Amino acid sequence: MDINFNYIHVSASERLEEFTSKRLNKLKDRYSWIVRAEVYFKKENTSSPESGMICEIEISAPGQNIFTSSNEKNFEVAISKSIDELKRQLQKKKEKMTTH
């Protein structure tokens, strides 16, 4: 699976890429039909300390792409919530898929 990382108002981080890649590769092992992932890390200026770090993930798969976004106090929590949402969406997609 190809994973592309995009940083918006954030400096690139190898640690975040490694953490995200590890989690996404687990999904790839479970759902072999995943083709590619686009990961966006964004920083937003907010007055609340509980948000501002945004992780968006778009998965390319047969049919419609799957997209999720999470806005949290740090990127690790945002990544985890986004991955959890992807798991739910991928499971729903798998249940709808039929083999011919």
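Above this note sits the structure.
The structure contained in this document is the topic of the report that follows. Remember, predicted model here, so these are calculated numbers, not experimental data. Throughout this document, residue positions are counted from 1 along each chain, in the order its sequence is written. Whole-chain, interface and lining totals are the exception, using all residues; otherwise, since this is a predicted model, local features are given only for residues with pLDDT of at least 70 and side-chain atom pairs are given and counted only at 80 or more. Excluding hydrogens and water, the side-chain figures rest on all heavy atoms present in the structure.

**A word on the side chain of Glu38**
Locating Glu38 in the fold gives a position in strand E2 (residues 36-43). In terms of polar contacts, Glu38 uses its side chain to reach the side chain of Asn4, at 2.9 Å. Residue contacts are counted whenever heavy atoms from the two residues lie within 4.5 Å of one another. With near-sequence residues (within four places) excluded, Glu38 lies in contact with Asn4, Asn6, Glu56, Ile57 and Glu58. In DSSP terms, a helix is any run of H or I states spanning at least four residues, a strand is any run of E spanning at least two, and both are numbered starting from the N terminus. In protein, a polar contact means a hydrogen-donor-capable atom and an acceptor-capable atom, both N or O and within 3.5 Å, with residues adjacent in sequence counting only if both atoms are side-chain atoms; elsewhere, any N or O pair within 3.5 Å suffices.

**Structural notes on unusual backbone geometry**
Trans peptide bonds make up the majority, and among non-glycine residues the majority have a negative phi. Of note, His9 is a non-glycine position whose phi angle comes to about 60 degrees, a positive value. Mapping His9 onto the fold places it in the loop between strand E1 (2-8) and helix H1 (14-30).

**Focus on the packing of aromatic side chains**
For any two aromatic rings, the description comes down to two numbers: the centre-to-centre distance and the angle of the planes. Note on ring pairs: Phe, Tyr and Trp rings are taken, using the six-membered ring of Trp, and paired if centres are within 6.5 Å. Classes follow the plane angle, with under 30 degrees stacked, over 60 edge-to-face and the rest tilted. Tallying each qualifying case throughout the model produces four aromatic pairs. Centre to centre, the rings of Phe41 and Phe75 are 5.4 Å apart; their planes meet at 80 degrees, and the pair counts as edge-to-face. Here Phe41, found in strand E2, pairs with Phe75, found in helix H2 (residues 75-96); they are 34 residues apart in sequence, far enough to count as distant. Assigned by exposure class, Phe41 and Phe75 land together as buried. Among the aromatic residues, those joined into a cluster by ring pairs are Phe5, Tyr7, Phe41 and Phe75. We call a residue buried when its accessible area falls under 20% of the maximum for its residue type, exposed when it is over 50%, and partly exposed in between, using a 1.4 Å probe and counting protein chains only.

**A closer look at the nonpolar core**
Definition of nonpolar core: a set of buried residues of the types Ala, Val, Leu, Ile, Met, Phe, Trp, Tyr and Cys, connected through side-chain atoms within 4.5 Å. Core analysis: the biggest nonpolar cluster contains 23 residues, and Leu24, Leu27, Val39, Phe41, Ile57, Ile59 and Leu86 have the highest contact counts within it. The biggest single contributor to this core is H2, with six residues. What Leu27 contacts, discounting residues up to four positions off in sequence, is Ile34, Ile83, Leu86, Lys87 and Leu90.

**Comments concerning the pairing of strand E3 (residues 53-60)**
E3 sits mainly inside the fold: seven of its eight residues count as buried. Here a strand pair is declared whenever DSSP counts at least two bridges between the two strands. Note: E2 against E3, eight bridges, orientation antiparallel. What sits directly across from Val39, in E3, is Ile57. One ladder, built from seven bridges, connects E3 with strand E4 (residues 66-72); its direction is antiparallel. From the neighbouring strand, Ile59 faces E4, where its bridge partner is Ile66. Count of turn residues in the E3/E4 antiparallel hairpin: five residues, of which Gly63 carries a positive phi of about 85 degrees.

Purely geometric stuff here, so don't read any function into it on its own.
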